[in-house]
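Coordinates in review
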Amino acid sequence: MAAPKRRSPAAVIGVCLGAVAVLVLGLVAIVALNRTETPLADPSFRDAPSSQDSPAPLPPGGAGAPASASTPASETPSPSATGPQKVLKLADHPILQDPNAGLQNRVCTLPAWQSTQEGAEAFFTAASKCLDAAWGPFLEAYHLPFTPPALHFPTGASFETECGTIQVGIATAAYYCENNLYVPFRGLQTDQYGNNPGVYLALFAHEYGHHVQEVAGLMDAAWQKIYEAGQNSPAGLEMSRRKELQAQCFSGMFLGAHVDQGGTISRDMYNKAWNDQETRGDNTSRSHDHGTNAHYAAWWRAGATSNRISDCNTFAAPSAEVS
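First, a word on what this report is: a plain description of the structure on this page. What you are looking at is a predicted structure, and each value in this text was computed from that prediction instead of being measured. (Residues numbered from 1 in each chain as written. Predicted model: local features only at pLDDT ≥ 70, side-chain atom pairs only at ≥ 80, totals over all residues. Heavy atoms only, no water.)

1. Focus on the state of the cysteines
Enumeration over the complete set of coordinates arrives at 3 disulfides. Two residues share a disulfide in this structure: Cys108 and Cys130, whose sulfurs sit 2.2 Å from each other. Since a negative S-S torsion denotes a left-handed disulfide, the Cys108-Cys130 link at about 95° is right-handed. Of the two residues, Cys108 is situated in the loop between strand S2 (101-102) and helix H2 (117-141) and Cys130 in helix H2; the sequence distance between them amounts to 22 residues. We classify Cys108 as buried; its relative accessible area is 0%. Taken N- to C-terminal, the disulfide-bonded cysteines of the protein chain are connected 1-2, 3-4, 5-6. (Disulfide = S-S within 2.5 Å. Helix = DSSP H or I, 4+ residues; strand = E, 2+ residues; numbered from the N terminus. Buried < 20%, exposed > 50% of the residue type's maximum accessible area, 1.4 Å probe, protein only.)

2. A closer look at the pattern of salt bridges
Scanning the model with the defined rule gives 8 salt bridges in all. Among the ionic pairs, Asp220 bridges to Lys86, the shortest N-O distance being 2.9 Å. One end of the pair, Asp220, is in helix H5 (residues 218-229); the other, Lys86, is in the loop between strand S1 (46-47) and S2, and 134 residues separate them in sequence. When its relative accessible area of 17% is taken as the criterion, Lys86 is described as buried. (Salt bridge = Lys/Arg side-chain N within 4 Å of Asp/Glu carboxyl O.)

Have a look at this one:
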């Protein structure tokens, strides 16, 4: 047998350098695979009609939850005789026309999440104050009649609203009706979602988004179209989806404008909310009035990443984007 050839010192050095290069490249690849690249709110926006620059971009990260449900109903407008009044328009509504209008970046401080009735009440009460501070000035800048919604925390298996008797279940983690926002603790499924305040906050901000629609006049205008077409007709269901998907976008706007601003809405909360949106929608609930899970996530993320209310104009979107 021929004796094995001995390698020259230069060859040995070359092999060593090659091994080091492979090791470095491997480490870079591992870091890249484990890095979460999630879009953040666009830094150039303005709050309502007056200019205001500021946000900072953000990304998403991990969690899951069931389909949420909200069934706001408002058949007829009730504007005051004097002062700010609702504007009963949809795609051409004044708040949806400025391509640079968004929510100001603000600090929102919330108590630590506790999976108890009392803990949830404290968390959502504080969250409602942040939502009031975000949306109130925005709507008032358009001369709309803003008032905060009344909060309710039902404890029974059902609760009464102006929209009827509501049974508590996975489809009623939160519920909006006629200037009232209901959060039944039993519907939050805390045994499944545990200590994930970002998930609960996004769900609450969605229902608050319906209040924004109510105050603006979008809700009344949408329900007029739904009643004209028939609630269970293809046109009526599509209008319902447009309404729900806009509330999704408004929820995303709120979290995108408040994450990483020095308060308690952390990047982790934002990430959990981002990923949770894919678990909600008509694919999960087996209905046809909220939008597919993919569209539910897409509209929430559109609001979160751009923080521009014109990007939430679901009433102007093609039918394929609100299916």
